[in-house]
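Spelled out, the chains give:
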Amino acid sequence: MPKFPGIKGIFLDEDPLIEQGSKGLRGIGIPDCGLKKSDLKKDESEYIDAKYIRKSPPELPEVSEPTVVRHFTRLSSWNMCVDTVFYPLGSCTMKYNPKINEKIAALENIKNLHPLTPARLIQPALKIIDDFNNILCALTGLAEFGFAPQAGAAGEFAGLKIIKKYFDLKGENRKTILVPDSSHGTNPASSVLAGFVPVEIKTGKAGTLDAEELEKFISKDVAGIMITNPNTFGVFEKDIKKIAEIMHKNGSFVYMDGANFNAFLGSARVSDMGIDLIQLNLHKTFSTPHGGGGPGSGALGVVESLREFLPVPYVKKVGGGVSADKNLKRPVYELSEDKKNSIGRMTPFLCNFAVVLRAYAYLLSLGRENIGSVSEIAVLNANYVKKKLGKILSGSDPFEEGLCMHECVFSDKAIEESGVSTIELAKLLIDYGFHPPTVYFPKNIHGAIMIEPTETESVRTLDNFIKAVKEIKFKTKKSKAVKSPQKTKVGRVNEVLANKQPIFKY
Amino acid sequence: MIKSGSFYFSKSHEWIGRDSNNKYRIGISDFAQSELGDVVYVSLPEAGKAYKKDGKIGEIESVKSVSEIYAPVDLKIISVNSKLNDTPELINQDSNGAGFIAEVEISDDSGIEALMDENAYKTFIADSHHE
Amino acid sequence: MNNFRYFPNSKRDIAKLYRILGIKDKKELFGKILGGIPLMDGGILKALPEELGEEALYRFFLDIDSNIPAKSRTAVFAGGGIYNHFVPSAIDGLISRSEFYTPYTPYQPEVSQGTLFALFEFQSFIAEILGMDVVNASMYDGAESLAEAVLAAMRLSSANRDMPVSHKDDIILISGGVNPSYVSVIKTFAGGTGVKIGKVKLDGRTGRTDIEDLKQKLATGGGRVPAVVVQQPNYFGVIEDLEALERPVHSNSNSGYNPGFIVSSTEPYSFGVINPPGYYNADIFAGEGNSFGNYMNFGGPLLGLFAAKKEYVRQMPGRIVGKTKDGKGRDAYAFILSTREQHIRRGAATSNICTNSSLNAVRAAIYLSLCSKSGFKEIASLNLKLAHILRDRLLSSGLFEPLYDGDFFNEFSLKLKINGNKNNNTTASEFIEKMAERDIIAGVAVSESALLISATENNRLSDIEKYAENAKEVLNA
């Protein structure tokens, strides 16, 4: 095996498809659907008023199927991905996406199921949602999950809307949501969207929130706090129970951004930390693929008192369980809108079903036997990187003393001394054959480098990555750093030009 | 009356100065532009509008950051530097000259006198940089 | 004990990690980190199912798959916001490449040129289909996209373009022809601002938005109007006269501000036959793109489309890919205008969206490439014809009557005829239930007695015959 995976290769260039066309070509077969030739020939104006009819069709490329296949296959080869490289993007949980999940999501009848098919005919599909809900409740200790949120940020928005509605119904006009300054940008953005004013709280050296500091912000205007746990430094919020107590005493809620839930999966429940609401990013913790930016799912879990606020529609289980009445023994699943205080609808149908399906398959694969190993190995791997890299990047670990959880963060102190900036480290790593870590986030660490290895990487891969960072730190010349990456399809992209004179389409 | 050709600075890094034609102009400091990096877009204030000191009058964007522009004193916008719409890089090239933000009207100089002069601003930057 | 197959660290590796960290076991590890928070024990874990081997897992889902309506024998005529279009195999083949489906959002452009280029082509194709200037790299779904469009229009109507805390004096006028689920989602999103939602009537005969009612509400609607929202074709399948609607919207100077003209659609395939919203001076288009190369997937994930006039680009939500150069002058692609987004502007961002529907957008790009210029138009035309043949056939059976008589594309609404005591006053829902037992998903109920019916290139003439014959049996029984 070569020392590092990034060696050399051939990149195949590819023109925009629109330039590869030839008049009349196409890559799709069109059925006649049994229509008579005379009907097929009829002009559209025989059906609808000519004033509506589009005179010139959209200028799409005119290309055959092989041309399209080669085009997009070549494009795909310009991407780094989880299946080709170590992808330690902090806070993104780039774990392996099991192939069996894709096969299941591709089952013919499931993928072709119309969402408004009568419920009686799709009981097994509805049951999936209910069963998965039960699993998530067991893993978090919460009372119920709503699956309408299509991604993490949508889950945050739904959770905050619930808090808003709760106080509206109580006749209290609380406007403030507390947000630590180390939080993800979606937190304040979701707060504003839900009608709140986010107020930033300064965090300590390791991004942790101090209960005493929090007390200063408490007033009857505070509706809740959004807290990422483990925080964006990968550090567990040690004061979490105290924080929850302070909030609850004030009649406020604790919303946990569950983006980092991989640190707890199968090992600890958020109910034991005093959390009232959490969104679980199924495309992070539950192995569903990120798809180059989406789709995802941000299932929202709540405590008992907030169940009636969840979005509609939802899957309602009627009957079943231990009932003396025979007719009730077999449960029936309905698509229901009967949630008294629901914040309403978030999506045209039920949920991102194909994403939930994969997540459910993932949990069934692991089972109770293996689920706890996910967080255990994720935490071990991250601490291994923290310890080993901490020696190479001495003085750069803002949280040197303690243990991290699923990810670790370094400042640029040590690499700066070698004349390498964080962005250069990121780009240099690419040439070694690694995807860069998350960089320049969280913002309160200078030149932050945030590494999340996940449980699906081996010690051998981690050692290789650490070796690459070491080489960069001790052997890289500035002249090479500014030019990197050099082995990619394109070099450093001119983002100033891209933003000054934006080109949005062909 | 303040001297023409000299600049007075706010803590949020805007300047106000008087040019040789006795017109007042505002802009952002050279230090501010160097911290921002390549300016790619400027959202300019509205001509004719009056702003209070420290009121938000516009925004400057680089590729990955946004900075707000605040009024250094109570002022009214006479006209804006519309060249910035197509060539925002003027701010990087000449923040005190061709990269000015707007021409403004002020009622009197008292607001300006409360600002930092060039030397005081230099010290201010040096101090805040060490923090 | 062996490792679980997704974990590449052996038991020995794990022991080594513990040794290096100077920690004995999991209990100590989590104990040190979590302090007083208990580790989940066997009792709690017992609520979880036991692990399933890969083969057993596959059989488990295969069983589910075989107990829902089978693609092989079910004729789907339901639309209502999602349509049963054909998906060419080349899309599945290409999208199953790990390089497309396993990366994250392309924040590092040098190693993401494939996704970025594909999204750029997606934006180009959609802009062409809609006749709009700028298209973003996708939203969650049509409804969320439309809700964000309303919020964008509200910002554009505000003096400093920030979102004021309160829009109590504003009213958004929404056509009665907009999908009711979409209206619900708009309410969820815009609810916090205090903005009022006003409904513009449909003409009782044609099913098109009533222009006179729109004019009247613009004049005296009870507030300033930041936006007027219509859907093309509308929820009932009827093609709206966008030209006639646009005029009063853009010449309304109620409170000195012209409302934004927002056009939505759940079936942009229609723009293969009819004029797109961009031809009628739409300010924003926000709708659903699932029809382009994506499966119905029981309603999600979907593909939100968002497009706007160039001058509104800085108020657009979501990511946008732009074309640029690298250091050597080669064409390159990157996200642009990121300062609009939450990861930079935080609370002042144009939206909280981060993860979107990127992979669905790439599917759409592949699909539209395969269709090509001629195929897209021909398939659209085929939809139009099949739907008209189906409607004629059902009306000639004497069991149905039209709900509206306006022109339509591939979807229309019919009422079940009260035919003496012959149909026993079967409701639309009952009719759909009974037809479903006969492997026909007959449509979507829109009222007690009316249903929405659609036809696509996935339906054959013989399916139409089957629909008509079974309807006769069901309704005459």
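Residues numbered from 1 in each chain as written. Chains lettered and ligands numbered in written order. Predicted model: local features only at pLDDT ≥ 70, side-chain atom pairs only at ≥ 80, totals over all residues.

Undergrad: Could you give me a rundown of the overall build of chain B, with the residues and numbers involved?
TA: Counting secondary structure elements, chain B contains five helices and nine strands. Each helix and strand of chain B, placed in order from N terminus to C terminus, yields the pattern β-β-β-α-β-β-β-β-β-α-α-β-α-α. The C-alpha radius of gyration of chain B comes to 14 Å, within 12% of the 14 Å expected for a compact globule of 131 residues. If you line up chain B on its principal axes, its C-alpha atoms span 40 × 35 × 25 Å. Evaluated residue by residue, chain B yields a buried proportion of 39% over its 131 residues. Within chain B, residue pairs in contact and separated by at least 24 positions form 58% of the contacts whose partners lie at least 6 positions apart. (Helix = DSSP H or I, 4+ residues; strand = E, 2+ residues; numbered from the N terminus. Rg over C-alpha atoms; globule rule 2.2 N^0.38 Å. Buried ≥ 20, exposed ≤ 12 C-beta atoms within 10 Å, placed from the backbone. Contact = placed C-beta atoms within 7 Å.)

Undergrad: Could you give an account of the environment of Glu237(A), naming the residues involved and the relevant values?
TA: Residues and elements named next belong to chain A. Its place among the elements puts Glu 237 in the loop between strand 4 (222–228) and helix 9 (240–249). With 24 C-beta atoms counted inside 10 Å, the residue Glu 237 sits in the buried group. Distance in space between the C-alpha atoms of Glu 237 and Asp 210 is 8.8 Å, their sequence separation being 27 residues. In contact with Glu 237, other than residues within four places in its own chain, are Thr 208, Leu 209, Ile 227, Asn 229, Asn 231 and Ile 243.

Undergrad: Lay out the packing of helix 7 (residues 113–130) of chain C against helix 13 (residues 358–396) of chain C with the relevant residues and their values.
TA: All names here are of chain C. Look at helix 7 against helix 13: their axes get within 8 Å of each other, and the N-to-C directions meet at 65 degrees. In terms of crossing hand, the pair formed by helix 7 and helix 13 is left-handed. Counted together, Thr 115, Ala 118, Leu 119, Glu 121, Phe 122 and Phe 125 of helix 7 and Ser 358, Ala 361, Val 362, Ala 364, Ala 365 and Leu 368 of helix 13 form the full contact between these two elements. Each residue belonging to the contact of helix 7 with helix 13 can be placed in one class, and the counts come to nine nonpolar, two polar and one charged. (Axes fitted to C-alpha atoms, helices over the stretch in contact; angles between N-to-C directions. Left-handed = near helix turned anticlockwise from the far one by under 90°. Nonpolar A, V, L, I, M, F, W, Y, C, P; charged D, E, K, R; others polar.)

Undergrad: Just give me the short version of the sheet that holds strand 6 (residues 277–281) of chain A, but keep the residues and values in it.
TA: All names here are of chain A. A sheet is described by the order of its strands in space; here seven strands give the open sequence 1-7-6-5-4-2-3, paired in mixed fashion. At either end of the open sheet lies a strand with only one pairing partner, and these are strand 1 (144–146) and strand 3 (197–201). Averaged over all adjacent pairs, the angle separating strand axes in this sheet is 25 degrees, with direction ignored. Those strands touched by helix 6 (residues 152–170) are strand 1, strand 2 (176–180), strand 4, strand 5 (253–257), strand 6 and strand 7 (298–302), and its axis lies near 30 degrees from that of strand 7. (Pairing = 2+ DSSP bridges.)

Undergrad: Any chance you could break down the interface of chain C and chain B for me, citing the residues and the numbers?
TA: On the side of chain B, four residues touch chain C, which itself brings four residues to the contact. Each residue belonging to the side of chain C that touches chain B can be placed in one class, and the counts come to one nonpolar, two polar and one charged.

Undergrad: Give me the sheet that holds strand 6 (residues 56–61) of chain B: which residues, what numbers.
TA: All names here are of chain B. If you walk across this open sheet you meet the three strands as 4-6-7, and the pairing is antiparallel. Where the open sheet ends on each side, the last strands, each with one partner, are strand 4 (41–43) and strand 7 (66–70). Pairs of neighbouring strands in the sheet enclose a mean axial angle of 20 degrees, with direction left out of account. Where strand 6 meets strand 7, five bridges bridge the pair, whose relative direction is antiparallel. Among the inter-strand pairings, Ile 60 is bridged to a residue of strand 7, identified as Ser 67.

Undergrad: Would you mind going over the interface of chain C and chain A in detail, with residue names and values included?
TA: Contact with chain C, which involves 170 residues of that partner, is made by 171 residues of chain A. If one sorts the elements of the side of chain C that touches chain A by residue count, helix 13 of chain C sits on top with 23 residues. Residues belonging to the side of chain C that touches chain A are distributed by class as follows: 88 nonpolar, 50 polar and 32 charged.

Undergrad: Outline the pairing of strand 4 (residues 196–200) of chain C, listing residues and values.
TA: Bridging between strand 3 (residues 171–175) of chain C and strand 4 of chain C involves five bridges; their strand directions are parallel. Across the sheet, the residue bridging to Ile171(C) is Lys196(C), located in strand 4 of chain C.

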